[in-house]
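Residue-level listing of the chains:
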Amino acid sequence: MELHPLRVWNKDWASFLRPWIPILLGLHMQFSRASGSSCPEECRCDRTFVYCNERSLTSVPLGIGEGYKTLYLHNNQINNAGFPSELHNVASVETVYLYGNQLDEFPINLPKNVRVLHLQENNIQTISRAALAQLLWLEELHLDDNSISTVGVEEGAFREAVSLKMLFLTKNHLSSVPIGLPEDLKELRLDENRIAVITEEALRNVTRLERLLLDGNLLTDEGVAPGTFQDLVTLRELSLARNSLTYPPPLLPGDVLVKLNFQDNQMNEIPVTAFAGLRKLERLDISNNQLQSLTEGVFDGLVSLRQLTVRNNLWLCDCSINWVILWLKSLPVSLNVRGFMCQKPETVRGMVIRELNTELIQCPRSTTVALLPTHLPPTLPGLTTRFPPSSTGYPSDTESLSPPSRLPFSPTHHPPLLPSSPPRDGEQRTNLPPLDPERETLQIKFTILNGSAIHVSWVASFPVTAYKVTWAKMGPSLSGDTVRERMVGGEHRGIRLVNLKPKSTYRICVIPLDAFNNYRPKDDTVCSEAVTKPVSYGQGNNTGPPGPEQATQQDLSSPFLLAGLIGGAVIIVLVLLLSIFCWHMHKKGRSSSAKWKYNKGRRKDDYCEAGTKKDNSILEMTETSFQIASLNNEQLLKGDYRIQPIYTPNGGIGFRDCPLGSNSTVYCKNNVQADADFCRT
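Remember, it's a predicted structure, so these values are computed and weren't measured experimentally.

Reading guide: rules and limits
Residues numbered from 1 in each chain as written. Predicted model: local features only at pLDDT ≥ 70, side-chain atom pairs only at ≥ 80, totals over all residues. Heavy atoms only, no water. Helix = DSSP H or I, 4+ residues; strand = E, 2+ residues; numbered from the N terminus. Buried < 20%, exposed > 50% of the residue type's maximum accessible area, 1.4 Å probe, protein only. Lys, Arg positive; Asp, Glu negative; His and termini not counted. Salt bridge = Lys/Arg side-chain N within 4 Å of Asp/Glu carboxyl O. Polar contact = N/O pair within 3.5 Å; in protein donor to acceptor, adjacent residues only side chain to side chain. Contact = heavy atoms within 4.5 Å. pLDDT = per-residue confidence, 0-100. Pairing = 2+ DSSP bridges. Axes fitted to C-alpha atoms, helices over the stretch in contact; angles between N-to-C directions. Disulfide = S-S within 2.5 Å.

Draft legend 1. Local environment of the side chain of Asp215. Structurally, Asp215 is set in the loop between β9 (211-213) and β10 (237-239). At 4.6 Å, Arg242 is the nearest oppositely charged side chain to Asp215, a buried residue that forms no salt bridge. Here Ala241 takes part through its backbone nitrogen, which lies 3.0 Å from a polar atom of the side chain of Asp215. In this structure, Asp215 is in contact with Leu190, Asp191, Glu192, Ser239, Leu240, Ala241, Arg242 and Asn243, ignoring residues within four places of it in sequence.

What follows is the structure, given as structure tokens:
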């Protein structure tokens, strides 16, 4: 009876431990595997990483056990003979870094389950099918910056890597696209090679390709076979930058293409059907080409376009550019267009095409001349210009005032529409003619204040929330001038432009904007030219009627006056510094000469001052008493000294006794040797 409780307790304990036995066994096996993962002596191991990089290794270290996933072997001196066969059986390794070594062939005996392989910056020249056939799970292969040529790649070699998704072959020596790429490839980078030909069958099997980069090659129009990219129905990005194409390749894939790059080619034309069907395209770059004009409607099919870059082309701003101006002004806010700027002719070079005015474009005048008023005089400073909505806008790169050329108006009837103050002396101004209430017109006037200021006023017959005023100095070419601009609220009716150059022509444009500070659908831009007055030194700086805003602060009346003030100040400072320097040198000279003057404050019995040293044996003394001293700070040598009489300023001879040494020979009057007691000077 006493053993019954013990038997019951043993039965309960066994039932308690039974469910924990599998868990404990699993933990034991896991720890046993981890503890069994050996780490090579040359390397450092940390969890699932093996660090063998930058150790000057010539081969892969032995003893890499299971359990590690990432193997770092980069920046060593490993060659193709340095891969032991046992490395291929390490099944846990998935990522291997082998860049910066001394491989000249694609290595063999790599871990059989590797998924990501980095072989950049080696000297690999050949790739065999057998080497890639060992890597059935390889998905990402980096072969950038090697010496791989087309003949060095065995045909169909990359197809052996059946799981390959990303292949990077940048900066190699390929002359064509390798034949036999894997079917599941999604990204292919072949930029910075020597590819001059792309055959039709080169990309025929890679129908799942999403990104293709062919930048920096030798591709020409003849080197790209027609329909080369047509079958790439999943392609989202195609880049052909830095080649020698003169027009875009035909039959581009349009189902899902989002990004298309043609910058830095030699394109001089784009067919109207070049981008047809690219309804998903969002980014297009045709910058740095030789384009001078575009065919109307070339961008009509790009309904999803968000960014268009056309910088550094040879845009010719003649009549053929009119449709571009209208198209740019009709674009939604979501579309960003960059780089439309005139390069020819010289009169409009540097102007933004979006803001060009029809008056600046050289077109046949057969229809425009009939509208020109014959009774108007040439452009004068302060001339008022009235325009209806025009068909083009002026670039915010220059400002100037052109004579009225659209609607004639009577010079005899000019009732003022803006509050104006009486004109000051020398001020030129005109009043605004009445607005036509049946038409949306914008009317501007200029008041030439002086040689550096112009007051701009305007009146619109339609509601405006904001205005943009642009101005620039006109000249033979606008490439070196800066176009300035200023935004003002719709409630303002004028602005003063200052800091202008005297006797210069400025083109000034007033552009109405909508509530979102965008251009209105209609072309309401008004541009004209005005000439500032010559500089006047006798008159004050007339500032004209105060406007609601000023573009900049008022400058001095003339740059020559400012230069004169600065020059005068510099001269005064130099004279002052020179005076201080002379005074200092004079004072220093007086202090140094005072050391050799006789100090009458002392007793004459103390010493007799030495004068000028003639030579090494004669000392010339002054005053009535003296003391012999060395002028060159040398100790006096024992010997004879000759003392000659020196006449005092009154013409007589002094008779002041001078103490002599025991070994001194004394000469008195008439050079007769005498005793020291009878010597007088």
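Draft legend 2. Structural detail: the confidence of the model for the protein. For the protein, mean pLDDT is 74; residues scoring 70 or higher make up 64% of the total. Considering only residues more than four positions removed or in separate chains, one finds that residues 31-36, a stretch of pLDDT under 50, has zero contacts. Here residues 647-681 scores under 50 on pLDDT; set against residues more than four positions off or in separate chains, the count is 51 contacts.

Draft legend 3. Fine view of unusual backbone geometry. In this chain, Lys344 is followed by Pro345 through a cis amide linkage whose omega measures -10 degrees. Looking at the element boundaries, Pro345 is found in the loop between β14 (336-338) and β15 (385-387). Positive phi, close to 55 degrees, is recorded for Glu121, a residue that is not glycine. Structurally, Glu121 is set in the loop between β5 (116-118) and α3 (129-133). The phi angle at Asn312 is positive, at roughly 55 degrees, despite the residue not being glycine. For Asn312, the location among the structural elements is in the loop between β13 (307-309) and α4 (322-329).

Draft legend 4. Quick peek at the sheet that holds strand β22 (residues 526-531). Read from one edge of the open sheet, four strands run β19-β18-β21-β22, paired in antiparallel fashion. Two strands in the sheet have a free side with no partner beyond their single neighbour: β19 (484-489) and β22. For this sheet, the mean inter-axis angle between neighbouring strands, taken without regard to orientation, is 20 degrees. Here strand β21 (residues 505-513) pairs with β22 via six bridges, running antiparallel. Bridge pairing links Tyr506 to Ala530 in β22.

Draft legend 5. A look at the state of the cysteines. Applying the stated criterion to the full structure yields three disulfides. Put simply, Cys43 and Cys52 are joined by a disulfide, and their sulfur atoms are 1.8 Å apart. Taking the torsion about the sulfur-sulfur bond, which here is approximately 110 degrees, the covalent link between Cys43 and Cys52 counts as right-handed. You'll find Cys43 and Cys52 in the same group, each marked buried. In this model Cys317 forms its disulfide with Cys342; the gap between the sulfur atoms is 1.8 Å. Across the disulfide from Cys317 to Cys342, rotation about the S-S bond amounts to roughly -100 degrees, and the bridge is consequently left-handed. Placement of Cys317 in the loop between β13 and α4 and of Cys342 in the loop between β14 and β15 is noted, with a sequence separation of 25 residues between them. With relative accessibility at 1%, the residue Cys317 sits in the buried group.

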